[in-house]
Amino acid sequence: MISNVKYNFDGGIVATIDGFQVFIPDNMENRHRLMVAEWEAGGGVIQPYTPEPELADIISIPAVTFWERMTDQEAEQVQAAMQAQPFRTRQIFMTAQSYRSDHELWPLLQQAAIDLFGEARAGELLAQP
């Protein structure tokens, strides 16, 4: 039985044949390709290749870079804002070697920077180095 037939990135075909995933060159001398051709003749349709969606770029900023980008006054404002955060959150920010956009606390850092300095300056502070 043939199912889940799809072209892959190199023009070959990936199909499930008798429960096994098979990678098939698009070459009519290949026995599996002949099986797929018969399946097509019976009404089967090979699905087109669709590339995997790219993962959004992850921003990773060394913690020292984040702090170096700030003026002394901005750093004092961030320090004051952090004092309002729970102890665990403060410790994560204080001990982190980098700040990453895929971390659970990135939205908090981003929103705090926007609230304190505006969107443009927050973008500068949190930009990929």
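So, here is what we can say about the structure in this document. These figures come from a predicted structure and were not determined experimentally.

### Things to note about the pairing of strand β3 (residues 20-24)
Next, step 1: Note that strand β2 (residues 13-17) and β3 share five bridges and pair antiparallel. In the strand pairing of β3, T16 is matched with Q21.
Next, step 2: Here β2 folds back onto β3 in antiparallel fashion, the turn holding two residues, of which D18 has a positive phi close to 50°.

### Some words on the packing of aromatic side chains
The geometry of an aromatic ring pair is captured by two quantities: the separation of the ring centres and the angle between the planes.
Next, step 1: Across all of its chains, the model carries three aromatic pairs by this definition.
Next, step 2: Each ring, one from F66 and one from W67, has its centre 5.6 Å from the other, and the planes form 80°; the classification is edge-to-face.
Next, step 3: Here the aromatic cluster, defined as three or more aromatic residues joined through ring pairs, consists of F66, W67, F93 and Y99.

### A closer look at the pattern of salt bridges
Next, step 1: In the structure shown here, the tally under the stated rule is six salt bridges.
Next, step 2: As a salt-bridge pair, R121 and E74 come within 2.8 Å of each other at their nearest N and O atoms. Linking R121 in helix α6 (residues 119-125) with E74 in helix α3 (residues 72-82), this pair joins segments that are 47 residues apart in sequence.
Next, step 3: Here E124 makes a salt bridge to R121, at a shortest N to O gap of 2.9 Å. A residue pair is termed a helical-turn pair when its members lie 3 or 4 positions apart in one helix, as E124 and R121 do in helix α6 at three residues.

### Observations regarding helix α1 (residues 31-41)
Next, step 1: Every buried residue of α1 is accounted for by H32, R33 and V36. Down the axis of α1, the buried side of the element spans an arc of 100°, and every buried residue falls inside it. Counted as exposed and oriented over 90 degrees from the buried face of α1: R31, E38 and A41.
Next, step 2: Where α1 is buried, its residues meet β1 (2-7), β2 and β3.
Next, step 3: At the N-terminal end of α1, a side-chain oxygen is found 2.8 Å from the backbone nitrogen of H32, two or three residues along, and the residue is N30.

Criteria and thresholds
Residues numbered from 1 in each chain as written. Predicted model: local features only at pLDDT ≥ 70, side-chain atom pairs only at ≥ 80, totals over all residues. Heavy atoms only, no water. Pairing = 2+ DSSP bridges. Helix = DSSP H or I, 4+ residues; strand = E, 2+ residues; numbered from the N terminus. Phe/Tyr/Trp six-rings, centres within 6.5 Å; stacked < 30°, edge-to-face > 60°. Salt bridge = Lys/Arg side-chain N within 4 Å of Asp/Glu carboxyl O. Buried < 20%, exposed > 50% of the residue type's maximum accessible area, 1.4 Å probe, protein only. Arc of directions from axis to C-beta. Contact = heavy atoms within 4.5 Å. Polar contact = N/O pair within 3.5 Å; in protein donor to acceptor, adjacent residues only side chain to side chain.

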